[in-house]
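# Survey of secondary and tertiary structure
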Amino acid sequence: MNNLLPIVFIGIGATIVMDLWSIVRKPLLGTPAPNYGMVGRWIAHMKHGQFCHNSIAASSRMPAEYILGWIAHYLIGIAFAALLIGIWGESWLHNPTVGPALTIGIGTVIAPFLLMQPAMGAGIAAAKTQHPGSARLQSLITHTVFGLGLYISSWVLQLFYPI
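Computed from a prediction, not measured in an experiment: that's the story for all the values here.

The rules behind the values
Position numbers for residues count from 1 along each chain, tracking the sequence in the order it is written. Note on the predicted model: pLDDT of at least 70 is required for a residue's local features to be given, and 80 or more for side-chain atom pairs to be given and counted; whole-chain, interface and lining totals, by contrast, use all residues. To get the side-chain values, take all heavy atoms of the structure and skip hydrogens and water. Put simply, a nonpolar core is a bunch of buried Ala, Val, Leu, Ile, Met, Phe, Trp, Tyr and Cys residues held in one set by side-chain atoms that sit within 4.5 Å of each other. Working definition: with a 1.4 Å probe on protein chains only, accessible area under 20% of the residue-type maximum means buried, over 50% means exposed, and in between means partly exposed. Counting from the N terminus, the helices are the DSSP runs of H or I reaching at least four residues and the strands are the DSSP runs of E reaching at least two. Throughout, a residue-residue contact means that at least one pair of heavy atoms, one from each residue, lies within 4.5 Å. Convention adopted: a line fitted to C-alpha atoms gives each axis, helices being fitted over their contacting stretch, and angles between N-to-C directions are expressed from 0 to 180 degrees. For classification purposes, angles smaller than 35 degrees are called roughly parallel, those larger than 145 roughly antiparallel, those between 65 and 115 roughly perpendicular, and all remaining angles oblique. Should the near helix be turned anticlockwise from the far one by less than a right angle, the crossing is termed left-handed; should it be turned clockwise, right-handed. Gly counts as polar in this scheme, as do all residues outside two lists: the nonpolar Ala, Val, Leu, Ile, Met, Phe, Trp, Tyr, Cys and Pro, and the charged Asp, Glu, Lys and Arg.

## Regarding the nonpolar core
Among the nonpolar cores identified, the biggest contains 25 residues, and I10 and L150 are the most heavily contacted of them. Among the elements that make up this core, the one with the highest residue count is helix α3 (residues 65-88) (six residues). Ignoring anything within four residues of it in the chain, the contact list for L150 reads I10, A14, A81, L84, W92, A101, I104 and G105.

Okay, structure coming up:
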């Protein structure tokens, strides 16, 4: 519990870094930003017992799906920051290094590849998308950026709130 606020700060900070990357990659690579409304739609459908979709975009819209998706996006970022601290311990908070942050960031690509994309109708690791190789590469880059965000956020935290 002692590390809750640092974990929340690092998780939110890393997610912001990832979102900034999503904004930059559109003009840089021509790749649109993710639509977290679809994540919200997926989560909202779970309330009605539907966990898998042939196409989440073709599934019926749900109230507040956009807001729900963005909230989930940030809560997931916080959960992954908690995973980082859970594995590497409080000592990592005192002396953050890039290796563990990148390990968690890159490792988190498992979530969309094996859970979210298949459940939303895109197949394992985006296999059912129009350009699966490109989708996989973008996911990997984005999650690597998230890992860098974990590292950057931990150092920003050290500047303003030494642990």
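This is not the end of the story, as more comes after the structure.
## Focus: the packing of helix α1 (residues 4-29) against helix α7 (residues 132-160)
Two elements in contact, α1 and α7, have axes whose closest approach is 7 Å; the angle formed by their N-to-C orientations is 135°. Overall, the two elements α1 and α7 adopt an arrangement that is oblique. Like other packed secondary-structure pairs, α1 and α7 cross with a definite hand, here right-handed. Here P6, F9, I10, G11, G13, A14, T15, V17, M18, W21, R25 and L29 of α1 come into contact with α7, specifically with Q138, I141, T142, V145, F146, G149, L150, S153, S154, V156 and L157. Class assignment for the residues of the contact of α1 with α7 results in 14 nonpolar, eight polar and one charged.

## Thoughts on unusual backbone geometry
Most peptide bonds are trans, and most residues other than glycine sit at a negative phi. Phi at A125 takes a positive value of approximately 50°, unusual for a residue other than glycine. The residue A125 is located in the loop between α6 (110-119) and α7 in this model. With a phi angle near 60°, A126 is a residue other than glycine that sits in the positive phi range. The residue A126 is located in the loop between α6 and α7 in this model. For A126, a relative accessible area of 1% gives the class buried.

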